[in-house]
Amino acid sequence: MPANLTPEYFKAEARYQQARTIDEKILATEELIRLAPKHKGTEKLLKMLKRRLAKLRQELQAKQARRVGRGGPSFAVRKEGAAQVALVGAPNSGKSTVLHQLTAARPKIGIYPFTTQHPVPGMMQFEDVQIQLVEVPAVIEGSSLGKGLGAQPLSIARNADVIALVIDASTKLVEQVRILINELEAAGIKLNQRPPKLSVQRRITGGIEVRGAGMFKGGEAELKRILQEHRIHNAFVTIDEPVTAEELEESLDESLVYRRAFILLTKCGSLDLKEKFKLLEREFGGRFQTIAVQEAGEGLKRAIFENLDLIRIYTKRPDKEQAKRPLVLPKGSTVFDVASAVHKDFARELEFARVWGSTRFPGQQVPREYALQDKDIVELHASKSYSPRR
Ligand SMILES: Nc1nc2c(ncn2[C@@H]2O[C@H](COP(=O)(O)OP(=O)(O)OP(=O)(O)O)[C@@H](O)[C@H]2O)c(=O)[nH]1
Ligand SMILES: [Mg+2]
């Protein structure tokens, strides 16, 4: 659909291009958002502009923070444990309550909105793993544009490994989820999506060469135009699956990050949860696994752990006991990944492994490509020339 942009819009675009300071860029981008016609054909454009504005505001905040000599370029919370999970939600959605139930952190719980003003970390112990939960100050519609507590909460969420959308089940739950998706996207955080299978390798000369151009829905000329718009004039482009212009733009946008996300439903009380699950299913399909917070016991911790897509692996040396503490790795990790986590020299010398747990036979010999499962015990065998340093 054509965007039908006005001459005023193009003038503002020129002003943006000429802007030198962050303030000027913010002003010009705000103007572009005001001037862009609002209809289906400009949805993507508006999204991009809002994302740009959010990013510029974050840059400005970081710069101001540096100027007064505190804070840094980001508002990151130092990571501890096997993974960092950001609790993101509307004011009063129950973030502090969940953190209180699952960790030793004691954030203030209040009946009024914006009780939590700064990120609060806490460690959740699940069996033998520690997962860090971080309550992120409330996100509202417009946070990415500086409303409420500003874009700081989104910048904390961006740094986390996984995002838990904390949703109050007792009120407009679909709307809450939608707002969070939009605000996170505006801050360049995509949930449960993956970047298109496409690579752009820049080079110094030789123009643009494309492998798999037929996969681009829009033709090679359009593809080159988009690349040139991103100041890419010389590159090898490989396209491995059907890609739209929008997806191409996304993959060229270095400010985007992709994060795993799930929903934590709070304030379930005596609500008909079946109905709530149905609503979420109808609206978002299977995009988000949903966990209802009813009892804050091991079951809840397990459900959260299972949503992180991690596995625990216990290594052992031949004729020795298995390690007490697991290595925690992404789901799908192989024997080779385990060896690499132990030591990269070890990985190079790895010949085979024996596995107890997911294999048909206990202690079965498997090749280095073998994909492990949670709680597998792995005995690594390196070639004779390898001697572990002590
Ligand atoms: N009935 C009920 N009330 C809850 C539940 N969880 C939280 N609340 C109440 O909801 C209010 C807000 O809870 P908080 O945990 O402070 O919410 P929050 O998301 O941290 O809020 P902000 O920090 O202000 O963004 C408090 O009055 C809580 O007691 C729940 O499961 N059931
Ligand atoms: Mg709170």
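Along every chain, residues carry numbers that run from 1 in the direction the sequence is written. In the order they appear in the text, chains get letters beginning with A and ligands get numbers beginning with 1. The model is predicted, so local features are restricted to residues of pLDDT at least 70 and side-chain atom pairs to those at 80 or more, both for listing and for counting; the totals for chains, interfaces and linings are taken over all residues. Values reported for side chains reflect all heavy atoms of the structure, with hydrogen atoms and water molecules removed beforehand.

A. Molecular detail of the site of ligand 1. Any residue with a heavy atom positioned within 4 Å of a molecule or strand is treated as near that molecule or strand. The immediate surroundings of ligand 1 are formed by 19 residues, with Lys95, Ser96, Thr97, Thr115 and Thr116 found nearest. In protein, a polar contact means a hydrogen-donor-capable atom and an acceptor-capable atom, both N or O and within 3.5 Å, with residues adjacent in sequence counting only if both atoms are side-chain atoms; elsewhere, any N or O pair within 3.5 Å suffices. In this structure, asparagine 92 approaches ligand 1 through a main-chain N or O atom, which is 3.0 Å from an oxygen atom. Here an oxygen atom of ligand 1 and a side-chain polar atom of serine 96 are 2.9 Å apart. Where accessible areas are quoted, they stem from the Shrake-Rupley method and a 1.4 Å probe; at the residue level, only the protein chains shown are allowed to cover. Burial of ligand 1 by the protein amounts to 73% of the accessible area it has alone, namely 650 Å². Among the elements that take part in the shell around ligand 1, helix α4 (residues 95-102) stands out by supplying three residues, more than any other. We count a stretch as a helix when DSSP gives it H or I for four or more residues in a row; a strand needs E for two or more, and each element gets its number in order from the N terminus.

B. Highlighting the domain arrangement of the protein. Where a domain begins and ends is set by an automatic assignment or by a domain database. Domain boundaries assigned for the protein yield domain 1 (7-67), domain 2 (84-192 + 256-306), domain 3 (198-252) and domain 4 (310-382). Of note, the centres of domain 1 and domain 3, computed from C-alpha atoms alone, are 25 Å apart.

C. Local environment of helix α11 (residues 335-342). Three or more residues of α11 are buried, namely Val335, Val338 and Ala339. Down the axis of α11, the buried set is contained in an arc of 100 degrees. They therefore lie on one face. Residue contacts are counted whenever heavy atoms from the two residues lie within 4.5 Å of one another. Buried residues belonging to α11 abut β11 (310-316), β12 (327-330), α12 (344-349), β13 (350-356), β14 (364-366) and β15 (376-382). Relative accessibility under 20% of the residue-type maximum defines a buried residue, over 50% an exposed one, and the middle range a partly exposed one, all with a 1.4 Å probe and only protein chains included. Along the arc lie the directions from the helix axis toward the C-beta atoms.

D. Focus on the sheet that holds strand β7 (residues 208-211). Read from one edge of the open sheet, three strands run β6-β8-β7, paired in mixed fashion. On the outer flanks of this sheet lie β6 (198-202) and β7, each paired with one strand and no other. Averaged over all pairs of adjacent strands, the angle between their axes in this sheet comes to 15 degrees, without regard to strand direction. Lines fitted to C-alpha atoms define the axes, with helix axes restricted to the stretch in contact, and inter-axis angles between N-to-C directions lie between 0 and 180 degrees. Lying on the sheet, helix α7 (residues 220-229) is in contact with β7 and β8 (235-239); it crosses β7 at an angle near 130 degrees. A pair of strands counts as paired when DSSP detects no fewer than two bridges linking them.

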